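Report on the structure
The primary structure of each chain is shown beneath.
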Amino acid sequence: MIVSPMVDAGLAGVIGLLVGSFLNVVIYRLPQILERQWAAECAELTGKPVEKEVPEVNLVRPRSRCRQCGHMIRWYENVPVLSYLVLRGKCSACATPIGLRYPAVELATAALFFFAVWHWGVTPEGVAWCGFSAALLALALIDWDTTLLPDDITLPLLWAGLIVAALRWTPLSLTQALWGAVTGYVSLWLIYKAFKLLTGKEGMGYGDFKLFAALGAWFGWQALVPIILMASVIGAVVGIAMKLSSGLREGGYVPFGPFLAGAGLAAMIFGPSSILAVIGL
């Protein structure tokens, strides 16, 4: 029995909904987990007690609760998208509004998984791009919320790019992936150093270097120019718009990671060369 590619893609979309629900947990809890680890390490190094007690959580426990009233979310209240619609976007216990981001992340993940399997099929390459898109989506939102790009995601994403190239799951050779990673990291590091020498300020963080290196590992060094150009143009437009609307956070900065991640997803969907045409180059 031959299964239609559209059916395969649809099933991948359903899996994407479930993965998107888990990504919501990762986006919210991973920064808390890292904060607890850092606090414990600082206390151990200094011999002082932890100044701020951070709740002990992991990606599985405790079960999800309403942040307002503490209501434990039942399994049938946690069905991706559907539960949000049935509950009308509110907690069943206290009617506190549930952020629209939750179903948006689930739907975005489903759409990306659908595209990956529709384009590459149920193949190692299709599965690899599903993982790539999930990682970028999580990184974009974590960085937007916290200005952190956790090594727990960027480094596995980098290694995954090298591994899929070594296994020839993508057209990129291991040599191309390796030099893409090197070029991505070094190029942003040089820009960071030059900016710091000229202004005395840090224009970006080391997480941006690692993310750009990961994109280089997945696409090769030739794709880095259109990716960085798209990320810079969109980031500048968003930053100006937020400044005009007084929407900038304290310090007047906009994290760069979400725009790098967005450009990486655009490169996956449209191809790196198409990005130059989109931004008029």
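So, here is what we can say about the structure in this document. (Residues numbered from 1 in each chain as written. Predicted model: local features only at pLDDT ≥ 70, side-chain atom pairs only at ≥ 80, totals over all residues. Heavy atoms only, no water.)

A closer look at the environment of Phe270
To keep it simple, the criterion reads: In this description a helix means any DSSP run of H or I spanning at least four residues, a strand means any run of E spanning at least two, and both kinds are numbered starting from the N terminus. Residue burial is assigned from relative accessible area. The probe radius is 1.4 Å, only protein chains are included, and a residue is buried under 20% of its type maximum, exposed over 50%, and partly exposed in between.
Along the polypeptide, Phe270 turns up in helix H9 (residues 257-270). Take Phe270: its relative accessible area is 58%, and that puts it in the exposed class. In the structure, Phe270 is positioned 247 residues away from Leu23 in sequence and 24 Å away in space, judged by C-alpha atoms.

So, unusual backbone geometry
Of note in this structure, Val81 is not a glycine but carries a positive phi near 65°. Residue classification places Val81 among the buried positions, given a relative accessible area of 16%. We note that Arg168 has phi near 60°; this positive angle belongs to a residue other than glycine. Examined against the element boundaries, Arg168 turns out to sit in the loop between helix H5 (151-166) and helix H6 (174-199). Given the relative accessible area of 54%, Arg168 is considered exposed.

So, the packing of helix H8 (residues 224-244) against H9
Using the following cut-off: Axis geometry follows a simple rule: fit a line to the C-alpha atoms, using only the stretch in contact for helices, then measure angles between N-to-C directions, giving values from 0 to 180 degrees. Every angle not falling under 35 degrees, over 145, or within 65 to 115 is termed oblique; those three ranges are roughly parallel, roughly antiparallel and roughly perpendicular. Handedness of each helix crossing follows the sense of rotation of the near helix against the far helix: counterclockwise by less than a right angle gives left-handed, clockwise gives right-handed. Throughout, a contact is declared for two residues whenever any of their heavy atoms are within 4.5 Å.
The N-to-C vectors of H8 and H9 enclose an angle of 130°; their axes lie 8 Å apart at closest approach. What the angle tells us is that H8 and H9 run oblique. Seen along the crossing, H8 lies across H9 with a hand that is right-handed. Between H8 and H9, the residues in contact are Ile227, Ile228, Met230, Ala231, Ile234, Gly235 and Val238 and Phe259, Leu260, Ala263, Ala266 and Ala267, respectively.

Side note on the pattern of salt bridges
Our working rule: By convention in these notes, a salt bridge is any Lys or Arg side-chain nitrogen within 4 Å of a carboxyl oxygen on Asp or Glu.
A full pass over the atoms with the stated rule returns three salt bridges. For Asp145, the salt bridge goes to Arg101, with nearest N and O atoms at 2.7 Å. Within this pair, whereas Asp145 is found in helix H4 (residues 124-146), its partner Arg101 is found in helix H3 (residues 101-120), the two being separated by 44 residues in sequence. Residue class for Asp145 comes out partly exposed when judged on its relative accessible area of 39%. Using a relative accessible area of 32% as the deciding quantity, one classes Arg101 as partly exposed. Lys210 is paired through a salt bridge with Asp151; the nearest N and O atoms lie 2.8 Å apart. Of this pair, Lys210 sits in helix H7 (residues 206-219) while Asp151 is found in helix H5, placing the two residues 59 residues apart along the sequence.

Observations concerning H8
Note the threshold: Helix span, as expected, comes to 1.5 Å for every residue beyond the first.
Taking 1.5 Å as the rise per residue, H8 with 21 residues should run 30 Å; its terminal C-alpha atoms sit 30 Å apart, in good agreement. Every buried residue of H8 is accounted for by Leu224, Pro226, Ile227, Ile228, Met230, Ala231, Gly235, Gly239 and Met242. One or two residues past the end of H8 sits Ser246, with phi positive at roughly 60°.

Overview of the packing of H3 against H4
Applied cut-off: Ten residues, namely Ala, Val, Leu, Ile, Met, Phe, Trp, Tyr, Cys and Pro, are considered nonpolar, four, namely Asp, Glu, Lys and Arg, are considered charged, and the remaining ones, Gly among them, are considered polar.
Relative to each other, H3 and H4 sit at 155°, their axes nearing to 8 Å. Classified by the angle their axes make, H3 and H4 are roughly antiparallel. Where H3 crosses over H4, the two elements pack in a sense that is right-handed. Facing H3, whose interface residues are Arg101, Val105, Ala108, Thr109, Leu112, Phe113, Ala116, Val117 and Trp120, H4 presents Glu125, Gly126, Trp129, Cys130, Ser133, Ala134, Leu137, Leu141, Trp144 and Asp145. Broken down by class, the residue content of the contact of H3 with H4 amounts to 13 nonpolar, three polar and three charged.

Re the side chain of Thr154
Positionally, Thr154 belongs in helix H5. A relative accessible area of 0% places Thr154 in the buried class. When near neighbours in sequence (up to four residues on either side) are disregarded, Thr154 contacts Leu139, Leu149, Gly207, Lys210, Leu211 and Ala214.

Examining the state of the cysteines
Basically, it comes down to this: Cysteine sulfur atoms that come within 2.5 Å of each other are treated as a disulfide pair.
Tallied over the entire structure, the rule returns zero disulfides. Cysteine Cys66 is unpaired, with the sulfur of Cys91 as its nearest cysteine sulfur at 3.8 Å. As a non-bridged cysteine, Cys91 has Cys94 as the owner of its nearest cysteine sulfur, 3.8 Å distant. The buried category is assigned to Cys91, whose relative accessible area is 9%.

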